[in-house]
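# A look at the structure
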Amino acid sequence: MKSLANHNNSTQNPMTKNQSYTIRISLIVALGGFLMGFDASVISGVVKFIETEFDLTKLELGWSVASLTLTATLAMMVSGPLSDRYGRRKVLQVAAILYAISAFGSAVAPDFVSLVIARMIGGFGVGASLILAPMYIAEIAPPAMRGRLVSFNQLNIVIGISVAFFTNYLILQLGELDSDWALSLGFEKWNWRWMLGLEFLPAVLFYVGLFFVPKSPRWLVMKGQTDQAMLIMNQFTNLEDAKKQINDAIRSIHEEKDKEKVKLTEFFKPAYRLVLIIGVVIAILQQITGINSVFFYAPMIFEQSGIGTDASFIQAILVGLTNLVFTVLAILFIDRLGRKPLLLLGLAGIALCMGLLAYGFGDATYELTSESVKTLPTEINQERLAPLIQTIFEDDVSFKEAIRESLGEKDALAYESNLITAAIQMNPTLILVGILGFVASFAISIGPVMWVLFSELFPIHIKGAAISFVGFINSLISYLVQQFFPWQLDTMGSSTTFLLYGLFAALGFFFVIFVVPETKNKSLEELEEILIKR
């Protein structure tokens, strides 16, 4: 009996070892997703401070945020071909170096231009990580584990967003400490520099970790190194499965070589009109409902409700946690409930929550009183505020304009949060509920569902070109939202801005009802029959 037990253990342990090794390697590679989420969202805590330090216009402030998206989009276009030539691991290591350079360069940036250049360098790392981390994990994972392991990367992106919100708040709190070590490190003086520079540590960890990651077996097959590919694949799964996967990779690569490359113009033929419309509208809809205005400017939005800087950073942490929880729920329910029900549920939620935000900000009034003025920082020239006392302003735009005329552009900007807190009459809980409801609605629906839809809607022979095209449209709209959001708040006001986002969501809801098919449990051939008009 003893020898039989030993024999059973010996046959089971290698598989357990394979799984453990696969998970470990996937987690290292998924650090790229963490860095992407962190790098994209950490700027949310920075904008308040760089706006005054560098005396930025609202469009310049938008550019400091959105510039990263432009280089990320470029990197998404070139990282695939570069990884085919040099290898997935090597390009990911370059991405890790770019993250580290960006973090250090952003932290020490002497001026606005230097900061933007450093952020754009990080954008190349973001784009490469977004494409290559899930690609590498998919190429090493046994089929039975592939879905879960690839989802590590998406989950890590969301965790990175949450950690960025948390560390921003932590650094803000460290800046308020009177202890010698906190003062010597300059957490108060250099708060935004610490926020951006902190990314250097996980970037170095990612770079070092990649030395323990083997080359992609599929890439080795592409390069004709099938024996080495087999040895590496055998580390991730049993010998029989490893042989099957390597043989499948060889066959797939030969088939790809035999196929003619599909031109993008193929996508615009009349037969594909319906899938083109669905793809483009969903790509636009995912971004034009304002998700990146929340992820990239969360503390700024919360400050507009008059809760103050500290509370706005705490509430930004709740945004990250809500996003994390509902992304996990989306992963759990997308195959059970289907794509269309989740889309409809999410878009209805987005429209309602944006309507709530529009109502909350629209109902607010602003009035400085003799008592509220006493709570303002002593640095503010209160004599210059005297003409505004007891004057009621019906919207945030007119109040901010009056403050600028009284204090001047620079002081009005520096103390905007304090002045709003002293003057505003509104229910800030409405704003918190609206923002968290919006993030939850997005995270369980159009956020993750869009990419699943894209993988199912497009016929196989145009899929690569089609996804590249709609992905580019998605990135372009994301850039525009980030670029113009500060300007929108300043010129149109919070209420009108969120009302517009809500209207886009409502239009999207009806588009999904009447145009978008349910793709759950349908073969790609069935979908092609429904969508392609020959």
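Residues numbered from 1 in each chain as written. Predicted model: local features only at pLDDT ≥ 70, side-chain atom pairs only at ≥ 80, totals over all residues. Heavy atoms only, no water.

## Remarks on the overall build of the protein
Per the secondary structure count, the protein includes 27 helices and 3 strands. Its C-alpha radius of gyration of 26 Å places the protein within 12% of the 24 Å reference for a compact globule of 534 residues. By its C-alpha atoms, the protein is 85 × 60 × 50 Å across when sized along the principal axes. For the protein, with 534 residues in total, the buried portion stands at 53%. Once local pairs closer than 6 in sequence are excluded, the contacts in the protein between residues at least 24 apart make up 81%. Carbon and sulfur atoms form 64% of the exposed surface of the protein, whose accessible area is close to 23900 Å². (Helix = DSSP H or I, 4+ residues; strand = E, 2+ residues; numbered from the N terminus. Rg over C-alpha atoms; globule rule 2.2 N^0.38 Å. Buried < 20%, exposed > 50% of the residue type's maximum accessible area, 1.4 Å probe, protein only. Contact = heavy atoms within 4.5 Å. Areas by Shrake-Rupley, 256 points an atom, 1.4 Å probe, with all protein chains shown as cover.)

## Some details on the packing of helix H5 (residues 88-108) against helix H6 (residues 112-140)
Viewed as axis vectors pointing N to C, H5 and H6 meet at an angle of 150 degrees, and their least axial separation amounts to 8 Å. When the axis of H5 is compared with that of H6, the two are roughly antiparallel. Considering the relative orientation of H5 and H6, their crossing is left-handed. Here the residues of the contact of H5 with H6 sort into 16 nonpolar, 6 polar and 3 charged. (Axes fitted to C-alpha atoms, helices over the stretch in contact; angles between N-to-C directions. Parallel < 35°, antiparallel > 145°, perpendicular 65-115°, else oblique. Left-handed = near helix turned anticlockwise from the far one by under 90°. Nonpolar A, V, L, I, M, F, W, Y, C, P; charged D, E, K, R; others polar.)

## With respect to the sheet that holds strand S2 (residues 392-393)
Read from one edge to the other, the open sheet built from 3 strands follows the order S2-S1-S3, with strand pairing classed as antiparallel. The sheet is open, and its two borders are formed by S2 and strand S3 (424-425), each paired with just one other strand. Of the strand pairs in this sheet, strand S1 (residues 365-367) and S2 are connected by 2 bridges, and their pairing is antiparallel. Looking across to S2, one finds that Glu367 is bridged to Ile392. (Pairing = 2+ DSSP bridges.)

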